[in-house]
Amino acid sequence: GYDQLAVTGQATLGGTLYAPMVNGFAPGNQQSFRPLLFSSRVNAFANVVPQNLPAGTSMGYQYDDTPGAGALVLNSTVAPTLASIAVLPVSPSVAKGLSTPLEAVGTYSDGSTADLTNYVVWASADATTATVSSAGLATGLKTGSVSITATLGTVLGSTTLTVPPAVLTSIAVTPANPSVAKG
């Protein structure tokens, strides 16, 4: 909860109002609070400064000048936080000697998603089986499977990359125009 100051009559407002959050109070997203009630008011605060807000939280303010039931209203906004990271494609495969791009998709606490491929820290659990670049390009080095992780802050996503044996991509016949003598 929070404390309210009620002024029975006309409130003369001015200066700066500091509104500290106490005892670990953390407002939720889009919550409204009425810390000051008044019958009517003269002027306004030059500034209303919320203090001790949790990271990612901001507060705006407005006045509700309903006659006989006015209030200073604080409105909270909480930025969404990163909840999980998915590494795509799921269960990728890249032949020995070739490369394939991976993607990191973040899901936030409000359900929104974002491409985090260029913001995560990529890592291979076994750099002798496969490596992964800072841009998410995985390269198969030897046959096997390896865990690939994408980390941002304390949130981690992973997938298992399979490296099958090298794949034949072309055959060259030399000489280009062979001939064999008759007989």
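Residues numbered from 1 in each chain as written. Predicted model: local features only at pLDDT ≥ 70, side-chain atom pairs only at ≥ 80, totals over all residues. Heavy atoms only, no water.

Let's talk about the sheet that holds strand β15 (residues 155-163)
Two modes of strand pairing occur in sheets, parallel and antiparallel, and in both the strands are linked by backbone hydrogen bonds. Overall, antiparallel pairing links the 3 strands, which are arranged β11-β14-β15 in an open sheet. Only two strands of the sheet have a single partner each, and these edge strands are β11 (121-124) and β15. On average, each strand axis in the sheet is inclined to that of its neighbour by 20°, with strand direction left out of account. Bridging between strand β14 (residues 144-152) and β15 involves 9 bridges; their strand directions are antiparallel. In the strand pairing of β15, S147 is matched with T160. (Pairing = 2+ DSSP bridges. Helix = DSSP H or I, 4+ residues; strand = E, 2+ residues; numbered from the N terminus. Axes fitted to C-alpha atoms, helices over the stretch in contact; angles between N-to-C directions.)

Observations regarding the side chain of T159
By the element assignment, T159 lies in strand β15. According to the relative accessible area criterion, T159 is buried, its value standing at 7%. In terms of polar contacts, T159 uses its side chain to reach the backbone amide nitrogen of S91, at 3.3 Å. Not counting chain neighbours up to four residues away, the residues in contact with T159 comprise V87, P89, V90, S91, P92, V146, S147 and I148. (Buried < 20%, exposed > 50% of the residue type's maximum accessible area, 1.4 Å probe, protein only. Polar contact = N/O pair within 3.5 Å; in protein donor to acceptor, adjacent residues only side chain to side chain. Contact = heavy atoms within 4.5 Å.)

Looking at the environment of S124
Of note, S124 is situated in strand β11. When its relative accessible area of 22% is taken as the criterion, S124 is described as partly exposed. Sequence separation between S124 and R41 is 83 residues; the distance between their C-alpha atoms is 63 Å. Apart from the residues within four sequence positions on either side, S124 is in contact with A130, T131, V132, V146, S147 and I148. One polar contact links the side chain of S124 to the main-chain carbonyl oxygen of D126, over a distance of 3.2 Å. Engagement of the side chain of S124 in a polar contact is seen with the backbone oxygen of A130, the distance being 2.6 Å.

Structural notes on a nonpolar patch on the surface
Nonpolar side chains collect at one region of the surface, where L168, I171 and V173 lie side by side and expose about 370 Å² of accessible area between them. Inspection of the secondary structure assignment puts I171 in the segment after β15. (Patch = residues over 30% accessible without salt bridge, like charges linked within 9 Å, V, L, I, M, F, W, Y side chains within 5 Å. Areas by Shrake-Rupley, 256 points an atom, 1.4 Å probe, with all protein chains shown as cover. Salt bridge = Lys/Arg side-chain N within 4 Å of Asp/Glu carboxyl O.)

Let's talk about the environment of D126
Relative to the helices and strands, D126 resides in the loop between β11 and β12 (130-132). Residues D126 and S145, 19 residues apart in the sequence, show an inter-C-alpha distance of 8.9 Å. Within the structure, the side chain of D126 is placed 2.8 Å from the side chain of T129, a separation counted as a polar contact.

Topic: the pattern of salt bridges
One pass over the full model with this rule turns up 2 salt bridges. A salt bridge links D64 to R34, with the shortest nitrogen-to-oxygen separation between them at 3.2 Å. Placement of the pair is D64 in strand β5 (residues 57-64) and R34 in strand β3 (residues 32-42), with a sequence separation of 30 residues. Under the relative-accessibility criterion, R34 is labelled partly exposed at 33%. Residue R41 pairs with D65 through a salt bridge whose shortest N-O separation is 2.7 Å. Here R41 is found in strand β3, whereas its partner D65 is found in the loop between β5 and β6 (70-78), with 24 residues between them in sequence. On the basis of relative accessibility, which here comes to 25%, the residue R41 falls in the partly exposed class.

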